[in-house]
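If you want the building blocks of each chain, they are given just below.
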Amino acid sequence: MLRRAFLTAGLAGSVALGALMAPLGAQAQDVTLRVHQFLGPNGTVPADFIIPWAEKVSAESDGRMNVEVYSAMSLGGTPAALYDQAREGVVDIIWTVAGYTPGRFPVSETFELPFMMADAEATSRAAWRFYEEYMQEETADVHMLAVHVHGPGVFHMRAPAVERIEDLQGRTVRGPTRITTRLLETLGATAVGMPVPQVPESLSRNVIEGAVIPWEVTQVLRVPELVDTHTEFGGDRGLYSTFFFFAMNRDSYEALPDDLRAVIDANSGIEASAWAGRIQEAGDAPGRAAAVERGNTIITIEGEELTRWRDAAQSVRDGWAEEMAGRGIDGAALIAAAEALIAEEESR
């Protein structure tokens, strides 16, 4: 629900929010919306999407909507709790990974399957169109503002480098979602699922030998300092990606006056999704450059070896489709729909 400027009891003392809001009703009265997300404010998405989005919404409302961004779980809870914080009205807006609550949003997993994603902007546009057609039911308890994916997933490992599938045998690797951990296990690794903020400490304490994450988040997590090697994948599809929600409490959205709701609507949907995907992939280049500057080894899987990886990963796709069929969901049709939407957006 829309918040007066005070914290709920569970969050009391965490943040000072200022003066009380006036009740809604009169056209000129102000609204404060709180955004909660799991990365520090210097992360690519917070710095280049969420904070600019908040500023844009505030400006386009003539200052009548004040959007406060709280980073690094500063309002409490874990990344896995963010969706429920929006659903329950603990906060107004959240940004999170759908797969941080494994199996809860099975349709979104279509975009996390191996070798599904093209470039992140086109794939994020396709993801929004896919959401509109196939995902409304499983996310009906929030108002979705945008969905998107990051750039191609990359292995970041302590030496020795991953150059062939066999180089993963028995190695402990972090994965972000149950689909990616399933892929890692299929390829012979020992997979450890965890949210991305836990990666630096887990590497430092030798809980994991490496992680799969996109380049863009490696700098803020200091990953190039903690590993020696990085393995990319050639071809026109990334090894994997992750599906993100930028979502709003439904009561908060519906309680807005019509003109302020129109501002939110104008900053939601396919263009907002494309914006988030675009800036995430743009962040890959400086992340990669930081690893090059440190002298780390960068491997690219191509040719016959890439074919081997794709062939090995096919069982993950097939197994997921079979699992979905057992849940009454036509997984094969969802894969075909996602691939068609991605190809269509990629060709624009």
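Refer to the structure above for everything that follows.
Conventions adopted
- Residues numbered from 1 in each chain as written.
- Predicted model: local features only at pLDDT ≥ 70, side-chain atom pairs only at ≥ 80, totals over all residues.
- Heavy atoms only, no water.
- Helix = DSSP H or I, 4+ residues; strand = E, 2+ residues; numbered from the N terminus.
- Buried < 20%, exposed > 50% of the residue type's maximum accessible area, 1.4 Å probe, protein only.
- Contact = heavy atoms within 4.5 Å.
- Pairing = 2+ DSSP bridges.
- Axes fitted to C-alpha atoms, helices over the stretch in contact; angles between N-to-C directions.
- Core = buried A, V, L, I, M, F, W, Y, C linked by side-chain atoms within 4.5 Å.
- Right-handed = clockwise from strand over helix to strand, strands pointing away.
- Parallel < 35°, antiparallel > 145°, perpendicular 65-115°, else oblique.
- Left-handed = near helix turned anticlockwise from the far one by under 90°.

**Quick word on unusual backbone geometry**
Glycine aside, a negative phi is what most residues show, and trans is what most peptide bonds show.
Item 1. Residue P160 follows A159 across a cis peptide bond; omega there is 5°.
Item 2. Within the fold, P160 resides in the loop between strand 5 (154–157) and strand 6 (172–175).
Item 3. For A72, which is not glycine, the phi torsion reads 55° and is therefore positive.
Item 4. Mapped onto the elements of the fold, A72 is located in the loop between strand 2 (65–70) and helix 2 (82–88).
Item 5. We classify A72 as partly exposed; its relative accessible area is 45%.
Item 6. Positive phi, close to 60°, is recorded for N206, a residue that is not glycine.

**A few points about the environment of G40**
Item 1. Summarising the element assignment, G40 is placed in the loop between strand 1 (31–37) and helix 1 (44–60).
Item 2. Judged by relative accessible area, G40 falls into the partly exposed class, the value being 26%.
Item 3. Not counting residues up to four positions away in its chain, the partners in contact with G40 are P46, S71 and A72.

**Side note on the sheet that holds strand 9 (residues 229–233)**
Item 1. Here 6 strands make up an open sheet; going across it, the order is 7-6-8-5-9-11 and the pairing mixed. Here the strands that pair on one side only, and so sit at the sheet edges, are strand 7 (190–193) and strand 11 (297–301). Recorded for the sheet is a direction-independent mean angle of 25° between the axes of neighbouring strands.
Item 2. Pairing of strand 6 with strand 7, which is carried by 4 bridges, proceeds in the parallel orientation.

**Comments concerning the nonpolar core**
Item 1. F38, W53, F155, F246, I264 and W309 are the most contacted members of the largest nonpolar core, which has 105 residues in total.
Item 2. F246 has contacts with V35, F49, I50, W53, I93, I94, W95, M144, L145 and A146, leaving out every residue within four places of it along the chain.

**With respect to the pairing of strand 6**
Item 1. Going residue by residue along strand 6, you find T172 and R174 tucked away on one face and V173 and G175 tucked away on the opposite face as well.
Item 2. Taken together, strand 6, helix 4 (residues 178–186) and strand 7 form a β-α-β motif whose crossover is right-handed.

**Looking at the packing of helix 3 (residues 120–135) against helix 9 (residues 270–282)**
Item 1. Packing of helix 3 against helix 9 leaves a shortest axis separation of 7 Å and a crossing angle of 150°. One finds that helix 3 runs roughly antiparallel with respect to helix 9. With respect to the hand of their crossing, helix 3 and helix 9 are arranged in right-handed fashion. In this structure, helix 3 contributes A120, E121, S124, R125, W128 and R129 to the contact, and helix 9 contributes I270, E271, S273, A274, G277, R278 and E281.

**Observations regarding the pairing of strand 1**
Each regular strand carries side chains that alternate between the two faces of the sheet.
Item 1. With 7 of 7 residues buried, strand 1 lies mostly within the body of the structure.
Item 2. On strand 1, burial covers both faces: V31, L33, V35 and Q37 on one face and T32, R34 and H36 on the other are all buried.
Item 3. Pairing analysis gives 6 bridges linking strand 1 to strand 2, with the strands arranged parallel. Across the sheet, R34 pairs through a bridge with E68, a residue of strand 2.
Item 4. As a crossover connection, the stretch from strand 1 through helix 1 into strand 2 is right-handed.
Item 5. When strand 1 meets strand 3 (residues 93–97), the two strands line up parallel, connected through 3 bridges. The residue bridging V35 from the neighbouring strand is I93, located in strand 3.

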